[in-house]
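Chain residues, written in single-letter form:
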Amino acid sequence: MSGATHAREQGSPLTFDNVSVRYAGRPTLALDHVSVVAEPGKMTAVVGPNGSGKSTLVRALLRRVALQSGRVTVGGVDVASLDAREVARRIAIVPQREEPVLPLRVEEFVALGRHARRSAFGGMSADDHAAVESAVARAGIAEAIGRRTDTLSGGEWQRVRIARALAQAAPVLVLDEPTTFLDIAHEMAVFELLDGLAQQGQTVLLVSHQLNLVARFAAHIVLLHRGTVAAAGDAEAVMRGEILERVYEWPLVVTRDPAVGAPALLPLRGSGRQRDRPSS
Ligand code: ATP
């Protein structure tokens, strides 16, 4: 590879094409012919209620579940035809949950992101060290360097996992609820970081429950409901009261974010929906 090996390769769309998944023993499909296209240069968000199939989409990409139909491609190549190392060079994934098998120092854990780019016997190159350093800075975890991963708070651990994915320097970044456990400042910092990466040409696919932040930051939103796509498009197309109320089965209104004018969801009180409904 020419130039710095932590430079990201650009321009790899990630596509889920008619993907269906059924878990053993379950009567219904967890994903029923779902298609999602995450394009380079954009943040694409997958949203939906608990159990709607968001994490199953990520598992389908990781090949942790068998596809009953469809395929997942990266840069036009079927992910199923790639070995694990080739997948890791193209796609960095922050799964919803994970614990390291053994506690590691934070910098050792972040350096795992370089694994697919290193030779079998070589140590860390100057580029590997630079990529780790850059990932640590961008994820805001410099203060955690030297600590063991089993001593971190939930929010610190989340950011360390994001740093490992950034160190991977893959053209596609997939994150499953990366801001769980993060306070407001760190959550905003992650959204701004992902926005910046997308603007630099990276493909960013984000699974999130933070509809209002997604409406502000994501260029393309896919709303899942019981394993199917209930709506897809920009925030104006997806953040609609009648759609969201049906999918989330909860009374709500869609208003406007006073800061930037993006659509914003306001859940109403379930027991006092009449009282909570705006009068005009
Ligand atoms: P959440 O917001 O709660 O994380 P999700 O949208 O990510 O939910 P999934 O985890 O993809 O939802 O689950 C989709 C459906 O598949 C749910 O009905 C869930 O109960 C079921 N499911 C998930 N994993 C398994 C499994 N290993 N075996 C059987 N069913 C499963």
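The structure we're discussing is the one just above.
All of these numbers come straight from a predicted model, not from anything done at the bench. (Residues numbered from 1 in each chain as written. Predicted model: local features only at pLDDT ≥ 70, side-chain atom pairs only at ≥ 80, totals over all residues. Heavy atoms only, no water.)

Student: Help me out: how do you make sense of the packing of aromatic side chains in this one?
Tutor: Two aromatic rings, taken as a pair, are described by how far apart their centres are and by the angle between their planes. One pass over the full model with this rule turns up two aromatic pairs. An angle of 55° between the planes, with centres 4.9 Å apart, marks the rings of Phe109 and Trp157 as tilted. Here the residue Phe109 occupies a position in helix 3 (residues 106–111), and Trp157 occupies one in helix 5 (residues 154–167), the gap between them amounting to 48 residues. For the pair shown, Phe109 and Trp157 are each scored as buried. Seen from their ring centres, Phe191 and Phe217 are 5.3 Å apart, and the 40° between their planes marks the pair as tilted. Within this pair, whereas Phe191 is found in helix 6 (residues 184–199), its partner Phe217 is found in helix 7 (residues 211–217), the two being separated by 26 residues in sequence. Each member of the pair, Phe191 together with Phe217, is buried. (Phe/Tyr/Trp six-rings, centres within 6.5 Å; stacked < 30°, edge-to-face > 60°. Helix = DSSP H or I, 4+ residues; strand = E, 2+ residues; numbered from the N terminus. Buried < 20%, exposed > 50% of the residue type's maximum accessible area, 1.4 Å probe, protein only.)

Student: Any chance you could explain the site of the ligand here in plain terms?
Tutor: Around the ligand, the surrounding shell holds 15 residues, and the nearest of these are Gly51, Lys54, Ser55, Thr56 and His209. Within the side chain of His209, a nitrogen or oxygen atom sits 2.9 Å from an oxygen atom of the ligand. Burial of the ligand by the protein chains amounts to 68% of its free accessible area of 640 Å². Taken together, the residues of the shell around the ligand break down into three nonpolar, eight polar and four charged. (Near = heavy atom within 4 Å. Polar contact = N/O pair within 3.5 Å; in protein donor to acceptor, adjacent residues only side chain to side chain. Areas by Shrake-Rupley, 256 points an atom, 1.4 Å probe, with all protein chains shown as cover. Nonpolar A, V, L, I, M, F, W, Y, C, P; charged D, E, K, R; others polar.)

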